[in-house]
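# Notes for the structure review
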Amino acid sequence: MEATVTFIPCCDPGESIIFIDTPPLLSASMGSGVIFRYVGAILTGTALGPLGIDTVHPNQCYTIVFGQSAATYLTLPSSITPLNFGTTGNSCLDQACVNACIRPPVEQVSNRYLKFVPCCDTDNPVYFRPPSIIPTNGVAIYSASISANPYLTTDISGNPDNPLLANLCYSITTETVGPGMHVTNVTAYNNLQIAPNNTASNYVYISTNTSCVSAATQCPDCKALCFTLWSCDGSQPLFTTSTDLTAFIGQHITVSSVDPHNNIEDLCVFVQDSSNDTCTNSIDVIYDALDPTCECDCTCYTILGSISRVEWIDCNGDYQLESTPLSPFQICAGAYPLAFPSLPTNPLQLIDNGSCIESTILNEITCEEETVYNCEAACYKLEDCLDDTNVLYSTSPSLLGPAILEQVVTIAGYTECWKVLPSEICDCPIVVSVLTVSNCCEACLPNINYKLTLCENSSVYIYTSDDLSLFKDKVVRREDCPEECWIVSQIDGNIPSTIPITVIEDYIDCELCNRIYYKLEDCLNIENDIITYTDLSTSVGKVITLDWCPETCWQVSVTIEDDNAGIISDILNTYLLCLECLTNAPCICSTIKNYNLIPQTYKYLDCFGAMQTITLDSKEQSERLCLIRWYVPEPCDEFIITITSSTGVVTYTSVYQNSLNHPGPVLVNNKPTWKDAGYNLYIYYDGTKWILSKNLAPLVFPSVYTTIGFINCNGDSECPIGTWEQSSSIPNQSVYKTTELKYIINYFGKCINGVCPPKKNKQKSVKPGYNTPGCEAWKYEEISCRAADAMYKQVLELRYGISNCCPDEDNEYVIKKELIDLASLYDPDYPCAKSSCGCGCSIPTDCSCN
């Protein structure tokens, strides 16, 4: 199963675009089911919706859903991070989200724009881009028979502006974009909303003169009293009144109709100011002047069916309108809502789900607490049509309709068909997005089958209904006849017969399937297996050594595996048995000494061909052992990291290029990487310098690493050793230092009958000498080699002008070389004063080692 991320666009309800998520995973720091405004580059993914929309557009809003799937989809670019997503108020109704769905063409600066001056509020004009049918200059009543009422507008900055209101007069004039005008540039022009089309259903012109004064007698009154009353229980449809209820706007009061034939008595209603609308069929009402108020519960309603629009008063007393919402549509309302079906012949179903839950949240924009209302989340069980043990739980409102109608759904991020069932259990609920709805499992499940054709004879084929989607258009070997190769093709529809198929290996084509492959297995199981198509037919069942790796013995067998198959080098020797190969070397006497600061375990092959281990403490040397060879880490394959805390506590950690816990080498920017056995430390090359990073949350998987240090010098080398510079100025950080594994192996000749040769009398070493210029042999060699390399770099710089990246470090080794040369001249029989070299040494020769 691979991690997926699904984009569900606010601009195209019902569509979704899915990707395979890649590290760094978005799910590690983003919430699933949350709406974000995407501000990255254009993305193309896999379309799962009915319209086939597969593109993620910048500046549009999307619900981001994380999941897992066995299917293969396009991969999300690794450059996409949480920084490419901005919060939008967690709603597709957010104005920024709504505006992003309007994709205007690029307009020229010379285009005209429209100025609408409300005759009832001449100080607050609104501005529009022209529609396809442009309104003419004059005074007109906006009737809004086709377009919305109110008709939402935006200013030159793209922010919401005063809306157009039905049944009011507007003076309409035309202006041109340019300097000194209200709209001065194309950016401001494109931020404007497009005006309603000039149709008889939208405008009633009463004057060709643009003066509101000239049309005053024909315009509706600006401040006519009108109030819309919403009943709390829905027992009465929406009605209006001209009775002065100004004092109760936005409140719930109990009213009764003056006319008893209206059957309105002691009805609790919400009072909405509709003074800007025509008060048609208004009813005169009365109320108790002493105590008119009443209480109306904040109720959760679910609307099912094909919805044209929904109008309601929310629990904060604000009017809301949603056009063509997806069913089921769920709201919290302070009065009975008004819902209109898309088709009059298909009425809507409105369900009362009880009281909403009130909670307090922090508004991220105003940084103030505010009260919000949400429907109590019902829980649904999603049961796989093909496997009733595969279940999911969700509280997503979109599952209400399918649960009531006992339908089957598909959801974003999953390929299964799911039966939706109400559930009292709600273990680990997830947010889901419904893609399709079917009446039953049979109607939901695709009828996909497969045909297998023999590579050598296209007239021989078989059919199966087993899921071979992973092997579509590939070549496979079957468990029941592993010697033959079959081409897999998908069939959409019924098949005449079916047989069970178990795939044991797959290939790209028939040629690769029919090729003979050989497996080389290390007799000691140290090296990884090798797969090759080099002809080793004469070596099958035998043991060989290769010229590039003469110390490793390989057992040869025929295999059908082809993963990473390649060509191998020449065979050096051939043997019948592993033991014969492993012991085909002299039995020698040897010791090993651990020069590391922590204990180390070393492997060796004994003279009987068996792998043995020995663990040595720091500075400890083994006894003399009879063996064939030592198996010690290659140079730079392992490091010891010394960690010194700010309080002086020292700990040690080993990191590996290649180990049981870290198969490698793993290359990054063409250089090796290192990790410790617990995957807490990670060293890699970023292209310019070596980076040391740490997993600060070990219990989180996959690991997320944070840079804690770097090495600029040696950045061009293959072996980053030394003290790591801290990547932050934060005080009291630990100090990290990497050192290579240090050991010395000594040999004392061949063993006879498994016994080391007798020890010779230990002669007193001559000073100065190879082992005595103040240091042990390995340190003396290191200082001498590095000093020689430094002098060589000086020659390159003086002769060819090739600069040295680390002159200070190189000078340090030149000085150390001079010190050990001086130390070699020291006469131990000559009395001298105590050293004052300042490094805490007991004799002068020790100074060169520190």
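Scroll up to find the structure.
Now for a description of the structure that goes with this document. (Residues numbered from 1 in each chain as written. Predicted model: local features only at pLDDT ≥ 70, side-chain atom pairs only at ≥ 80, totals over all residues. Heavy atoms only, no water.)

So, on to the overall build of the protein. Within the protein, the regular secondary structure consists of 8 helices and 59 strands. The C-alpha radius of gyration of the protein comes to 41 Å, more than 25% above the 29 Å expected for a compact globule of 850 residues. Overall, the protein is about 130 × 85 × 55 Å in size when its C-alpha atoms are taken along their principal axes. Residues classed as buried in the protein amount to 40% of the 850 residues present. Sequence-distant contacts in the protein: of pairs separated by 6 or more residues, those separated by 24 or more amount to 63%. A total accessible area of about 46,200 Å² is found for the protein, and carbon and sulfur atoms account for 52% of it. (Helix = DSSP H or I, 4+ residues; strand = E, 2+ residues; numbered from the N terminus. Rg over C-alpha atoms; globule rule 2.2 N^0.38 Å. Buried < 20%, exposed > 50% of the residue type's maximum accessible area, 1.4 Å probe, protein only. Contact = heavy atoms within 4.5 Å. Areas by Shrake-Rupley, 256 points an atom, 1.4 Å probe, with all protein chains shown as cover.)

Once that is clear, we can look at unusual backbone geometry. A cis amide bond, omega -5°, links Pro 23 with the succeeding residue Pro 24. Mapped onto the elements, Pro 24 comes out in the loop between strand E2 (17–20) and strand E3 (34–38). Residue Pro 328 is reached from Ser 327 by a cis peptide bond, and omega for that bond is 0°. Residue Asn 564 is not a glycine yet carries a positive backbone phi of 55°. Positionally, Asn 564 belongs in the loop between strand E42 (549–559) and strand E43 (571–575). The phi dihedral of Tyr 679 falls on the positive side, at around 60°, and the residue is not glycine.

Looking now at the environment of Gly 722. Relative to the assigned elements, Gly 722 resides in strand E56 (residues 722–723). Along the chain, Gly 722 and Ser 306 lie 416 residues apart, while their C-alpha atoms are 70 Å from each other. If we skip the residues at most four places from it in the chain, Gly 722 touches Ile 711, Tyr 736, Lys 737 and Thr 738.

All right, on to the pattern of salt bridges then. A side chain with one charge may pair with a side chain of the opposite charge, provided their charged atoms come close. Counted under the stated rule, the structure contains 11 salt bridges. Taking the shortest distance from any N to any O, the salt bridge between Lys 817 and Asp 821 comes out at 3.3 Å. Placement of both Lys 817 and Asp 821 in helix H8 (residues 807–823) is noted, with a separation of 4 residues, approximately one turn of the helix. Residue class for Lys 817 comes out buried when judged on its relative accessible area of 19%. Residues participating in the shared-partner salt-bridge network are Lys 381, Glu 383 and Lys 419. (Salt bridge = Lys/Arg side-chain N within 4 Å of Asp/Glu carboxyl O.)

Our focus in this paragraph is the state of the cysteines. Counted by the stated rule, this structure contains 21 disulfides. One disulfide in the model links Cys 553 with Cys 581; its S-S distance is 2.0 Å. As the torsion about the S-S bond is roughly -85°, the Cys 553-Cys 581 disulfide counts as left-handed. Separated by 28 residues along the polypeptide, Cys 553 in strand E42 and Cys 581 in helix H6 (residues 578–582) bring together distant segments of the chain. For the pair formed by Cys 553 and Cys 581, the shared burial category is buried. (Disulfide = S-S within 2.5 Å.)

Position of Asn 202 among the secondary structure elements: in the loop between helix H2 (186–191) and strand E15 (203–207). The residues touching Asn 202, leaving out its near neighbours within four places in the chain, are Ile 141, Tyr 142, Ser 143, Ala 144, Ser 145, Ile 146, Ser 147, Pro 196 and Asn 197.

Once that is clear, we can look at the pairing of strand E14 (residues 168–176). With 7 bridges connecting them, strand E9 (residues 112–118) and E14 associate as antiparallel partners. Paired with Lys 115 across the strands is Thr 173, a residue of E14. Relative to E14, strand E11 (residues 138–142) is paired through 5 bridges, and the arrangement is antiparallel. In the sheet register, Ile 141 faces E14, and the bridge partner there is Cys 169. (Pairing = 2+ DSSP bridges.)

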